[in-house]
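Commentary on secondary and tertiary structure
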Amino acid sequence: MKLIKYAQNPVLSPNPDNYWENLVVCNPGVWYEDGIFYMLYRAAGDDVDHYIRIGLATSSNGVDFIRQSNEPVFGPSIDGPDMGGVEDPRIVKFGEEYYVTYAYRPHPPGRYWTFGHDVIQLPETSSESPAVLKRNIANSGLAVTKDFKTFKRLGRITTSNLDDRDVILFPEKVNGKFAMLHRPKEWIGEAYGCEYPSIWIRYSDDLMVWEEESTLLMTGKTGTWEEKIGGSTPPLRTDDGWLLIYHGVENGGNGYYRVGVALLDLEYPTKVIARLEHWIMEPEHDYEIEGFYKGCVFPTGNMIVDNVLYVYYGAADKYVGLATCDINELLKTLKDS
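In what follows, the accompanying structure is described.

Some words on the overall build of the chain
Helix and strand content of the chain: three helices and 21 strands. Taking 20 Å as the expected radius of gyration for a compact globule of 337 residues, we find that the chain reaches 18 Å, a close match to that expectation. Taking the principal axes of its C-alpha atoms as reference, the chain extends roughly 55 × 45 × 40 Å. Taking all 337 residues of the chain together, the buried fraction comes to 57%. Partitioning the contacts of the chain with sequence separation of at least 6, the portion at a separation of at least 24 is 54%. On the chain, roughly 14200 Å² of surface is accessible, and the fraction owed to carbon and sulfur atoms is 47%.

In structure tokens, the structure reads:
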């Protein structure tokens, strides 16, 4: 079972006319409603510090996207905790408002693709500075919008001294509680039950208060394409369970990014009903291999429209790609596994 990539990929490429997106567009959050696909995409220009911002594009058919502004719709704050850059939005809706989780840093990461693996730019600090500043740790925040053009920052929803990204909300409450997937990078070792960064799940009565104990949901498999794993797109409710698309990385996180899929129980999503052994998408084409991360497909947006699963992904940290499949075929493959 493999996702089918759109023949005219990428569906969004860097725009040479805009300073803030002339180098990178990738890792989009996507929402579909009333016949319109709304895409919040990660963008960066060719500045030395590599500030990351978020732009907006829309489409009526899911493949032809039109930018809605020559300026970012969401960017780093002037003097707040996310002043180093904002990235990798994921979108859910509660009531009439769209809630967007995103990763951020207190200091821009610099041109990370010219550094060593997992190395980023660090600010000048003192011995008394908190860890989040000393190590330029990526936290995750929550923003809310009604139109994808104006946003309210609600603040940090992860612990400041943890590199906790791939934070994704379930699109509805589960047994009366909000549910979140997250991937704390430092939670590894015997005490945590996993050798590499993994996918955890936690619950809360309040979207801004995540203090209940997390449960290890899924961990990687040593010596495979998915040693290090993390959540990718918001889980989708189906009659057979929550459809969970995730990413896996070989060599402990220093290799190709591929895409896996699992099915979680609707009432108790800590229970994994099915998980395919093999990936459903991997880097194959130039736009997925030749970029700022060579060999990366990284989904961040998905939806089901007329029994078609649309999966939008960052390709090589430079482009936005689209892949699709028949949702019933994918669910049958999962159940048969």
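Examining the sheet that holds strand 7 (residues 97-104)
Here we have four strands laid out as an open sheet, ordered 6-7-8-9, and antiparallel in their pairing. Lying at the two open borders of the sheet, with one neighbouring strand each, are strand 6 (86-94) and strand 9 (151-156). Between one strand axis and the next, the sheet turns by 25° as a mean value, whatever way the strands run. In this structure, strand 7 lies alongside strand 8 (residues 139-145), joined through seven bridges in antiparallel fashion.

Some thoughts on the sheet that holds strand 11 (residues 178-184)
Strand order in this open sheet of four strands is 10-11-12-13, and the pairing throughout is antiparallel. At either end of the open sheet lies a strand with only one pairing partner, and these are strand 10 (164-169) and strand 13 (215-218). Neighbour-to-neighbour, the strand axes of the sheet open up by a mean angle of 35°, direction not taken into account. Where strand 12 (residues 199-204) lies against strand 13, three bridges are found, and the strand directions are antiparallel.

Topic: the pairing of strand 11
Of all the seven residues making up strand 11, seven are buried; the element is thus mostly covered by neighbouring parts of the structure. Neither face of strand 11 is open: one carries F178, M180, H182 and P184, the other A179, L181 and R183, and all of them are buried. One ladder, built from four bridges, connects strand 10 with strand 11; its direction is antiparallel. Bridge pairing links D164 to P184 in strand 11.

Observations regarding the side chain of R53
Position of R53 relative to the elements: it lies in strand 4 (residues 52-59). Buried within the structure, R53 lacks any salt-bridge partner; D47 is the closest side chain of opposite charge, at an N-O distance of 4.9 Å. Non-local contacts of R53, meaning those with residues more than four positions away in its chain, are made with Y19, W20, Y41, R42, A43, P72, F74, G75, P76 and V86.

Rules of the game
- Residues numbered from 1 in each chain as written.
- Predicted model: local features only at pLDDT ≥ 70, side-chain atom pairs only at ≥ 80, totals over all residues.
- Heavy atoms only, no water.
- Helix = DSSP H or I, 4+ residues; strand = E, 2+ residues; numbered from the N terminus.
- Rg over C-alpha atoms; globule rule 2.2 N^0.38 Å.
- Buried < 20%, exposed > 50% of the residue type's maximum accessible area, 1.4 Å probe, protein only.
- Contact = heavy atoms within 4.5 Å.
- Areas by Shrake-Rupley, 256 points an atom, 1.4 Å probe, with all protein chains shown as cover.
- Pairing = 2+ DSSP bridges.
- Axes fitted to C-alpha atoms, helices over the stretch in contact; angles between N-to-C directions.
- Lys, Arg positive; Asp, Glu negative; His and termini not counted.
- Salt bridge = Lys/Arg side-chain N within 4 Å of Asp/Glu carboxyl O.

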